[in-house]
Structures are given as C-alpha cells and as structure tokens.
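Examining the three-dimensional arrangement
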Amino acid sequence: RSFHPAQMAEEEETGAHIPIRRRKPKNKPKDTAWRQQRLPAFRPVLNAQCAFPLTLVLGIACSIIGVFMYLSALNSLEFSLKYTNCTDKRTNSSEAKGDDVPTSFIKCTFDVELKEHFKSPVKFYYGLDGFYQNTRLYMASRSEKQFTGDILNKDGCSPLVNGTDGIPYAPCGIIADSMFNDTFSLTTADKEPVPFTASNILSSYVQDRKFKNPEQKSGETLCDAFKGTTKPPSWQKEICMLGVGEERESVGIGFENIDLIVWMRTAALPKFRKIYRNLDIEHDDGKYLAGLPAGNYTLTIDYNYPTAAWRGDKYFYITAEAWAGGRNFPLAIAYMVVGVFLLLVSAIFLLMCLRIRFLERKRVEAQMQ
C-alpha cells in the first residue's frame, strides 16, 4: 500500500492507523535438523586413557620403520663427485673459483675409484645444490596440455610464452627453459664404456599419457610436426632433435625424452638429485649382471649447464640401492626420532592413567571408611 504525503498527514490528524509493511526474510534456511546442524554426532573426548594406545602403536611403527630404513641405508653404497665449475678440457679437472663458469662444449674428466663392488641395481644420478624448484612462479610456469601434443597451447607458460618474433616456445615455461643438459659417460681402466640404459626409469603411464609428441602426418618428420614453434632461449637444440643419436638405446625424442620428463618433475628442496641412467645389466651378454665391479674408472662430463646464475653446486652419484632405495640417513633418523618421541608421550600417558586410577582408588577407600 502506498500513501500520499497529504493523505498521511490527514490520517495522523484523525488518528487513523497506518499499517506497517513487513517483508519475509530472504534466504532463511528451513528449521530442520539437517539444515540447523542438530543431527546426532560422535564427539570423542580425548584423554590419556584413549590416546595411549594410539601413540604407542604409532611410536612402535615409526621406530621399526626407522630402524629398517637405517639398516637399508647401511647396506647401500654410494659414490658422490662434486664437479662444479670444472674448466680443464683434457686432463683431470679441478673446481674453478669465482664466477669463471664454462657455458657450453666443455669436457671434464675425473678419475673414479670404486673401493667396493656395487651390486645391482646400480643407478646414476645428477644432483644440484642451491637450485630452488619449489617457488610458486617457477612451478606454475608450464603447460600440461602442450606436453600432450597440443604444441600451440600456452596456458600457464608465463613469462616464457613467445619468442622475440612472436613464435611460441616448445616447450614453453621457465621449468623447461632451465632444463639440466650435462651429459655423462663412464669408462673402465681398459677404455671400455660402461653401458647406460634409460629403461625402467619412468612408469609407462607417465610416458604414454602425460608426454606425447604432436601427431605426424604421412611423410612428415618430427621437426615438421613441430613447425611453427621455436626452442626455449636457453636451449642449444630444437625440441625435435632432443635425444637424437645420444645412446645405443634411445632415451626418447622430443616431448617423450626421458631427461625432459625427469626434469619437469620438480623437487621440493633446494638440494636434490634426479636419476640420469641405470646400469645396463643385459649388455655384453650380462657382463654387468652382478653389478659394477670395484676398480678405477674415468668419468667424462660434457659441461653444458652453468652455475654462475644461481651460485650452486653440481654432483654426480653412483649408487647401489637396497630394498628401501638409495642411501638416505636423514629420513631414517627422522622416523626414529618421531617414534621415540611418541613412545615418550605414551609413557607420560601411561603414568597419567596410573595416577588417575590411584587417586580414584584412594577416593573410593575414603568413602568406604
């Protein structure tokens, strides 16, 4: 009902009642047990008596896991070599000081002495120290759809999307642009190469579904399929040539290259290692079936990855892994520390339970007297 000002003044003089308009509340939930959260619920009250079994079981489990992981780490073998800023191209290399870092086409050779027999499986890793792959902008700079064959998809690749001429990068993003590209080869004292293999490094699901090259039409090469794209600014070769002619056994070409896939799986800590190759135990009629024998070897490194920009260090690892993986004492110690802590908490809870029972017995005896 609407009122004219003159009409309202007249009704005020005559004392007529003006009705008040009341609106119903909007979006008011219904008064039901479900909508008003009045349903019956289980609300556990934690006390020392009910928490004691939980902390005891978890403490025992963590302690046992930690002990077994520590024993596994003791049974595994590891050889590590720091090769940051090696500069000698012909003889045994030493580390360079300062910012004098080679940028490309540098070969470094190192003498490697294995004092023990490395039993199979033997794996080779490269490691970086001081390289942060866990920053938000770094981890987000990639295109998942591009790696499935849609080479023109650039979603999420900022700030490395297109080149100076507007041609899109393939692969795009900061992660791909900073890909590690040092290569390693190991030879025996008799100058025989130790066989590397890229098999069993990645699961078939990752290789077949998450990383695919673009479809090739009849008569096209892989470079034709990548036509219309350009390599990232820090790369030395086009994506279609990545992995071509590197080893006896192919490591994959283009987006299916194993080194690229391993690098795209970012690490959580600034000091990390990523798998490079496995020892090929089937080479030369199973000559290395038992593993890598003790002795002297020569490691040759094609030094392509500079460290001056991030002032970090580079490593090469040879590992003979046990059932729990490579040598990882910090993880085993962490499990044991957590287990011991939970057992101490369980002991405190047990004392609290005994004290409560003792006081309850005293109270009952006092009431009976």
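Scroll up a little and you will see the structure.
Reference entry: report on the structure contained in this document. (Residues numbered from 1 in each chain as written. Predicted model: local features only at pLDDT ≥ 70, side-chain atom pairs only at ≥ 80, totals over all residues. Heavy atoms only, no water.)

A look at the overall build of the protein
- Of regular secondary structure, the protein possesses eight helices and ten strands.
- Scored against the burial criterion, the 369 residues of the protein give a buried share of 38%.
- Looking at the protein alone, contacts between residues at least 24 apart form 75% of all its contacts between residues at least 6 apart.
- For the protein, the computed accessible surface area is about 23500 Å², with 56% contributed by carbon and sulfur atoms. (Helix = DSSP H or I, 4+ residues; strand = E, 2+ residues; numbered from the N terminus. Buried < 20%, exposed > 50% of the residue type's maximum accessible area, 1.4 Å probe, protein only. Contact = heavy atoms within 4.5 Å. Areas by Shrake-Rupley, 256 points an atom, 1.4 Å probe, with all protein chains shown as cover.)

Overview of the sheet that holds strand β4 (residues 122-129)
- Strand order in the open sheet formed by five strands is β1-β10-β4-β7-β6, and the pairing between neighbours is antiparallel. Taken across any chain shown, the strands that pair with only one partner, and hence form the sheet edges, are β1 (77-82) and β6 (196-197).
- Two elements, β6 and strand β7 (residues 271-279), share two bridges in a ladder whose sense is antiparallel. From the neighbouring strand, Thr197 faces β7, where its bridge partner is Asn278. (Pairing = 2+ DSSP bridges.)

Brief notes about the pattern of salt bridges
- Under the defined criterion, the tally for this structure stands at ten salt bridges.
- Lys107 is paired through a salt bridge with Asp302; the nearest N and O atoms lie 2.4 Å apart. Here Lys107 is found in strand β2 (residues 106-114), whereas its partner Asp302 is found in strand β9 (residues 295-303), with 195 residues between them in sequence.
- Since its relative accessible area comes to 42%, Lys107 is described here as partly exposed.
- Relative accessible area serves as the criterion here: at 24%, Asp302 is assigned to the partly exposed category. (Salt bridge = Lys/Arg side-chain N within 4 Å of Asp/Glu carboxyl O.)

Overview of unusual backbone geometry
- With an omega dihedral of 5 degrees, the bond running from Ser120 to Pro121 counts as a cis peptide bond.
- Topologically, Pro121 is positioned in the loop between β3 (118-119) and β4.
- With an omega of 0 degrees, the peptide bond running from Ala170 to Pro171 counts as cis.
- Mapped onto the elements of the fold, Pro171 is located in the loop between α3 (136-140) and α4 (174-177).
- Positive phi values are uncommon outside glycine, yet Gln37 reaches one of about 60 degrees.
- Mapped onto the elements, Gln37 comes out in the loop between α1 (5-14) and α2 (48-75).

Some remarks on the packing of aromatic side chains
- Summed over all chains, the structure comprises 21 aromatic pairs.
- Taking the centre distance of 5.6 Å and the plane angle of 70 degrees together, the rings of Phe131 and Trp263 count as edge-to-face. Of this pair, Phe131 sits in the loop between β4 and α3 while Trp263 sits in helix α7 (residues 258-264); the two residues are 132 residues apart in sequence, bridging distant segments of the chain. With respect to burial, Phe131 and Trp263 carry one shared label: buried.
- Here Arg273 stacks its cationic end above the ring of Tyr125, 5.9 Å away from the centre of that ring.
- For the cation-ring pair, Arg273 lies above Tyr317, with the distance from its terminal atom to the ring centre recorded as 3.8 Å. (Phe/Tyr/Trp six-rings, centres within 6.5 Å; stacked < 30°, edge-to-face > 60°. Lys NZ or Arg CZ within 6 Å of the ring centre and 35° of its normal.)

Observations regarding the pairing of β1
- Every second residue of β1 is oriented toward a common face, the buried set being Leu77, Phe79 and Leu81 and the non-buried set Glu78, Ser80 and Lys82.
- Pairing of β1 with strand β10 (residues 313-320) involves six bridges; the strand directions are antiparallel. For Phe79, the partnering residue across the bridge sits in β10 and is Ile318.

Concerning the layout of surface pockets
- Volume-wise, the largest pocket comes out at about 720 Å³.
- As for the largest pocket, its lining consists of 30 residues, and the residues nearest its centre are Phe180, Asn181, Asp182, Gln236 and Asn304.
- Listing elements by their share of the lining of the largest pocket, those giving two or more residues are β2, α7 and β9.
- Taken together, the residues that form the lining of the largest pocket break down as 15 nonpolar, eight polar and seven charged.
- Approximately 540 Å³ is the volume attributed to the second largest pocket.
- As for the second largest pocket, its lining consists of 19 residues, and the residues nearest its centre are Lys271, Phe272, Arg273, Arg327 and Asn328.
- Within the residue set of the lining of the second largest pocket, elements represented by two or more residues are α2, β7 and α8 (329-368).
- In terms of residues, the lining of the second largest pocket owes the most to one element, β7, which gives three residues.
- Along the lines of polarity and charge, the residues of the lining of the second largest pocket split into eleven nonpolar, three polar and five charged. (1 Å grid on protein atoms, 1.4 Å probe; cavity = no way out; pocket = protein on both sides within 12 Å on 5 of 7 lines; lining within 4 Å. Points joined across faces, edges and corners; volume = space filled by probe spheres on them. Nonpolar A, V, L, I, M, F, W, Y, C, P; charged D, E, K, R; others polar.)

Quick word on the side chain of Asn153
- Examined against the element boundaries, Asn153 turns out to sit in the loop between α3 and α4.
- Relative accessible area serves as the criterion here: at 11%, Asn153 is assigned to the buried category.
- In this structure the side chain of Asn153 is engaged in a polar contact, spanning 3.0 Å, whose partner is the side chain of Ser143.
- Dropping the residues within four chain positions of it, Asn153 is found in contact with Ser143, Lys145, Gln146 and Cys172. (Polar contact = N/O pair within 3.5 Å; in protein donor to acceptor, adjacent residues only side chain to side chain.)

Some points on the state of the cysteines
- Throughout the structure, instances matching the rule amount to two disulfides.
- In this model, Cys157 is linked to Cys172 through a disulfide, with the two sulfur atoms separated by 1.8 Å. Taken together, the positions of Cys157 in the loop between α3 and α4 and Cys172 in the loop between α3 and α4 put the pair 15 residues apart, joining distant regions of the chain. Of the two residues, Cys157 and Cys172, both sit in the buried class.
- Put simply, Cys223 and Cys240 are joined by a disulfide, and their sulfur atoms are 2.1 Å apart. Classification of the bridge connecting Cys223 and Cys240 rests on its S-S torsion, roughly 80 degrees, and on that basis the disulfide is right-handed. A residue pair is termed long-range when its members are at least 10 positions apart, and Cys223 in helix α6 (residues 222-225) and Cys240 in the loop between α6 and α7 qualify at 17 residues.
- For Cys240, a relative accessible area of 9% translates into the label buried.
- With no disulfide of its own, Cys353 lies 8.7 Å from the sulfur of Cys50, the closest cysteine sulfur. (Disulfide = S-S within 2.5 Å.)

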